[in-house]
Amino acid sequence: MSAGVSGANLAFWSDDDGVLERWNALAVSEKNDEDSIARSFCRHATKTLARSSFNMDAFAAYFAAAYSARDRLLDKWNDTQTYHSIKSPKRVYYMSLEFLLGRSLDNAMLNMTVKKQFSSALSGLGFRVEDLIEEEMDAALGNGGLGRLAACFMDSLATLDYPAWGYGIRYQYGIFQQKIVDGYQTEFPDYWLNFGNPWEIERLDVCYEIRFRGFVNKVTDASGRARFVWEGGEKILAIAYDNPIPGFDTNNCINIRLWSSKPAKEFDFASFNDGNYDKSVEEQKAAENITAVLYPNDNHMVGKALRLKQQYFFVSATLQDVIRRFKKSNLPWNKFPSQVSIQLNDTHPTLGIAELQRILIDEEGLLWDEAWDIVTKTALEKWAVPLMQDLLPRLMMIIFDINLFFLQKVERVYPGDRDRLRRMSIVEEGQPQFIRMAYLAVVGSHTVNGVAALHSELVKSMLFNDFVEYFGEARFTNVTNGVTPRRWLHQANPRLSSLIADKLGSELFLKDLSELQKLKAFASDPVFQKQWMEIKHINKIRLAQHIQLHCGIDVNSDALFDIQCKRFHEYKRQFMNILGVIHRYKKLKELSKEELEKQTKKVVIFAGKSAPGYYIAKLIIKLINNAADVINNDPQTGDYLKLVFIPNYNVSLAEIMIPASDISQHISTAGTEASGTSNMKFVLNGGLIIGTVDGANIEIAEEVGEKNIWLFGTLTKDVEDIRHAQTYRPTVIDPQLDLVMQSIQNGEFGDAYIFEPLLKTLTTGDYYIISKDFGPYLETLATIDAAYQDKASWAKRSINAAASMGKFSSDRSIQDYAEKIWKIVPVKV
C-alpha cells in the first residue's frame, strides 16, 4: 500500500529574495480585542458565507463566529506543529474509534480565554453569543463513555502541553439520531455534516491507500530474502480531516485527525455510458459505507464484515500517517519507540498491532524480530478467522505467526502444559476459529492498564491471570479515568464555576482540581450553602424547561431530580431503575392524601441510546416510556412522581442534565463497569450518587466519604456464586419485585406480551442479579428520600462531595499515562 501526501514532489520556495521574511511579516496572528473579533466576524459573514446585513440569521452568525474562533485556533495550531517539528519530541498517538467532542464554539472560546471579548463583539453586531452556541450541532463522532473519555483526554493533553495526536473516523451519519415513536427507540441518520463543519480542515493532500481481500504472494528480494506481497483485491482511499484541540490558557493546540473513506475510482464512465448508472457509482457507495455510521449493526455477516473493514481502515490509515511523520525525522528504525507511543483506546484498534508489523516487514523491509521489538515497545472482542482471511489475508498470516512465536516462548517456560497454551492462544480453537483481540493487545503491547482500581484487579485476576503469571505484574497497571473540569464544570456549569472562583480567589482549580478541597471549609456556612443550592435550583429550572419543550411534560423544579443518563445495556441496570420507579408508583397509589403529603417529591429522568440491534435494551426504553404515560397522567400521584425519558442523549444534553441532578444512579452489576466517568461529572457538579460497589464508584467513595455517597448491593466476589446458584436452581424473586412484575404482566403498562422477553431475563437465571439487589436498592432509595428532607445537611453533603473530586481530573489521568506508560514530557509552545 502506498502512503501518499500529494504535492510531495513540488519544489518549496526559498527565502533567497526575502520571501520568507515577507511571509512572516504578513502572516500575523489574529488579535483578540473586541474590534478585531468583530472585523473577523464580518469578514467571514460576507466573504466566507457570502451573506450581508440583509440576510444574516443566527445560524449564519454561528458559522461566522466559528470561523473567527477557528482562525485563532489555527494560529496556535500552526505554532504548535511548527515548534514540535523543530523540537522533535516523543509524541503520543491516541487511537480511538470514538471522540464524543460535543459543541466546539463555547469550548474554543473558553479554552482560549476569549469568550468575554467574543460576547462583547457579537453584542455590538446584534447577536448574543449564547444564542449562537445553541445553533451548533453536536459532532456525531461517538456514543458513550469511551468517546467522551477520549475527548477529555485530548483536552488534558493540550492543556498540559503534551505533544499528542488523536486519530479516529469521520462518521458521515454518526451512530444515529434517536427518536421515540410509540414508546420505541427509532433510529434515524444524524445529518450533522449537512451544512458543513467549520471546525475541520479537509486535507485532500493527506491520502492513503487501504487494501481489502486479494491474495498474498511469496517473493524473493534482491538480497535473497523471502518476502510477502499483498496484491489484488479492492482498494479505497483514506482522506484526512483535521480538528484543532486547544488547551486551556496555553498556546498548545493539538490535533485530532479523522479519516473519511473514498473510492480509489470514484466514477465508472464505461458503465455510465452503457446505461448502467447504478454500477457506475457502485464503488463509490461501497467505499463510503465504511465511514458512514459508527458501529454498524453486526447482527448479520454483512454488518460484521463492514465493522471489520471499518476497524482495519482506521488503523491502517493511522499507522501509515504515523510512520510517514517518523520517517521525516530521518532517524533509524530502532529510534521509533523513543519517538512514538501509541495508545489503543479499548480493543477496537487492536488490529493495529498486526498492521504495524505488516508495514514494517512488508513495506519497510525490517526483519521479523526487529519489527516485533518495535511493535511491542510502541503499543475483548473476537473476530472469526474465515472473515479475516477473506478481508485481510496478509494480516491473518501475521497474526498466526505472532501467535505461533508467542506460544513457542510460553512452551519453553511451561513445557508440556498444553492447557495453558490453549488458554493463552490468541487463536481460539473451534468451528470456526476466532481471534481473541484482547489477547493480541496484551501480547503486542508493553503495558496494559485498567481504568479503575477494581477494574485493574479484575483484569489481572480474571481476564489475563495466565498472562500476568507469564509476563509479570509490571506489565499490568492502573490509571483511573478522569474528566476535564474545563468542559464539565467551567463550560457546563458556568455559575457554579464562577462561585467557586470567587470563593477560592482564582480559577487555578480549572488546571489543578485538588484546589477544590479548600471548599470544605465553607461546607457548613449557611450563606455559601444558600448560594450553592440556588445555582443548583437554576440548573434544575433550565432542565425542567428543556423537558417541557422537548417532551411536553411539566416537572417541579423543587422536587428531587433523580437522573440516570448513559448508554443502555443490561449490565448498567436501567431495568432495575424503572422497576424501582414502578414500585414507588404502586406504593404511592396505596397512600392516603395525608400520607402522600409526607413523601419526598421526585422526578426520575432517563436518557441514553441502545445499540440498534440490542432487543432487550430497546424493550427497557419501551417500558420506561409506557410507564411514563401511565404515571404522568395519574392525578392522584402527579405531584409526587414524574417520569421522563429525554431522547437523543448527547454531550450538549448532558451539559444540561448533569448540573441539575440531586441524585444520579450508577448501579451496574458489581464487576461489570470498567470505570464509568459520568459518576465523576455528577459529583463534580454537586450531585450525590447512589451506586453499587463497582468501577470508579469505589474510589469516589474513598474520596468523598461514606456520608456523601450511597452504596448498596452484591459485591464482585459474590457475583459468580450467585449466578451459579441461579443457573442450577430456581431464581428466588424478591417479593417487592414480584409485585412489580405482576403489574407489568397484568397489562397496567401496556401490552404484557411485549415485555415477556424482558421479564424472562429475571426468571431464567437473572444474570445481572436484579432480584438479589432489588430490596437493598429500594431501602437505599428510601434513605435518600429522608436525607433530602434536611436541606442544610443535603447542601453540606453536596459541597463536601464536589470538593473531594480533585483525584478525578483527566489531567491527573494523563499525567499518570505520560509518566508511567508513554514516557513523554510536556513541550511548552
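On a predicted model such as this, the values are computed, not experimentally measured, just so you know.

(A) Spotlight on the overall build of the protein. Along the protein, the regular secondary structure elements total 35 helices and 22 strands. At 28 Å, the protein has a C-alpha radius of gyration in line with the 28 Å of a compact globule built from 829 residues. Principal axes of the C-alpha set define a box for the protein whose edges measure 90 × 75 × 65 Å. In the protein, which comprises 829 residues, the proportion classed as buried is 57%. When the accessible surface of the protein is totalled, it reaches about 34400 Å², and 51% of it is carbon and sulfur.

(B) Fine view of the pairing of strand 21 (residues 688-692). Of all 5 residues in strand 21, 5 are buried, a share of seventy percent or more. By the alternation rule, side chains of strand 21 split into Leu 688, Ile 690 and Thr 692 and Ile 689 and Gly 691, which are all buried. Of the pairings in the sheet, the one linking strand 20 (residues 663-666) to strand 21 comprises 4 bridges and is parallel in character. Within strand 21, the position partnered with Ile 663 by the bridge is Leu 688. Following the chain from strand 20 across helix 28 (residues 678-684) to the adjacent parallel strand 21, one finds a crossover that is right-handed. Where strand 21 and strand 22 (residues 710-712) come together, 3 bridges link them in parallel fashion. Looking at strand 22, one finds that Gly 691 is bridged to Leu 711. What joins strand 21 to strand 22 is helix 29 (residues 697-704), and the crossover it makes is right-handed.

(C) Region of the structure containing the confidence of the model for the protein. Mean pLDDT over the protein stands at 92; residues scoring 70 or higher make up 95%. Across residues 6-10, confidence stays below pLDDT 50; counting only partners more than four residues off in sequence or on other chains, it has 2 contacts.

(D) Molecular detail of the packing of aromatic side chains. Throughout the structure, instances matching the rule amount to 37 aromatic pairs. When the centroid spacing of 5.9 Å and the interplanar angle of 15 degrees are considered together, the rings of Phe 406 and Phe 471 count as stacked. Here the residue Phe 406 occupies a position in helix 16 (residues 393-413), and Phe 471 occupies one in helix 20 (residues 465-471), the gap between them amounting to 65 residues. Assessed through its relative accessible area of 5%, Phe 406 is described here as buried. Residue classification places Phe 471 among the partly exposed positions, given a relative accessible area of 27%. Clustering of aromatic rings is evident, with ring pairs tying together Phe 406, Tyr 439, Phe 464, Phe 467, Tyr 470, Phe 471 and Phe 476. Sitting over the ring of Phe 522, Lys 503 keeps its end group 4.5 Å from the ring centre. In this arrangement the basic side chain of Lys 791 is found over the ring face of Tyr 788, its NZ or CZ atom lying 3.3 Å from the centre.

(E) The arrangement of the side chain of Lys 540 in detail. Within the fold, Lys 540 resides in helix 23 (residues 526-551). Side chain to side chain, Lys 540 and Asp 662 meet in a polar contact 2.7 Å long. A distance of 3.2 Å separates a polar atom in the side chain of Lys 540 from a polar atom in the side chain of Tyr 788.

Reading guide: rules and limits
- Residues numbered from 1 in each chain as written.
- Predicted model: local features only at pLDDT ≥ 70, side-chain atom pairs only at ≥ 80, totals over all residues.
- Heavy atoms only, no water.
- Helix = DSSP H or I, 4+ residues; strand = E, 2+ residues; numbered from the N terminus.
- Rg over C-alpha atoms; globule rule 2.2 N^0.38 Å.
- Buried < 20%, exposed > 50% of the residue type's maximum accessible area, 1.4 Å probe, protein only.
- Areas by Shrake-Rupley, 256 points an atom, 1.4 Å probe, with all protein chains shown as cover.
- Pairing = 2+ DSSP bridges.
- Right-handed = clockwise from strand over helix to strand, strands pointing away.
- pLDDT = per-residue confidence, 0-100.
- Contact = heavy atoms within 4.5 Å.
- Phe/Tyr/Trp six-rings, centres within 6.5 Å; stacked < 30°, edge-to-face > 60°.
- Lys NZ or Arg CZ within 6 Å of the ring centre and 35° of its normal.
- Polar contact = N/O pair within 3.5 Å; in protein donor to acceptor, adjacent residues only side chain to side chain.

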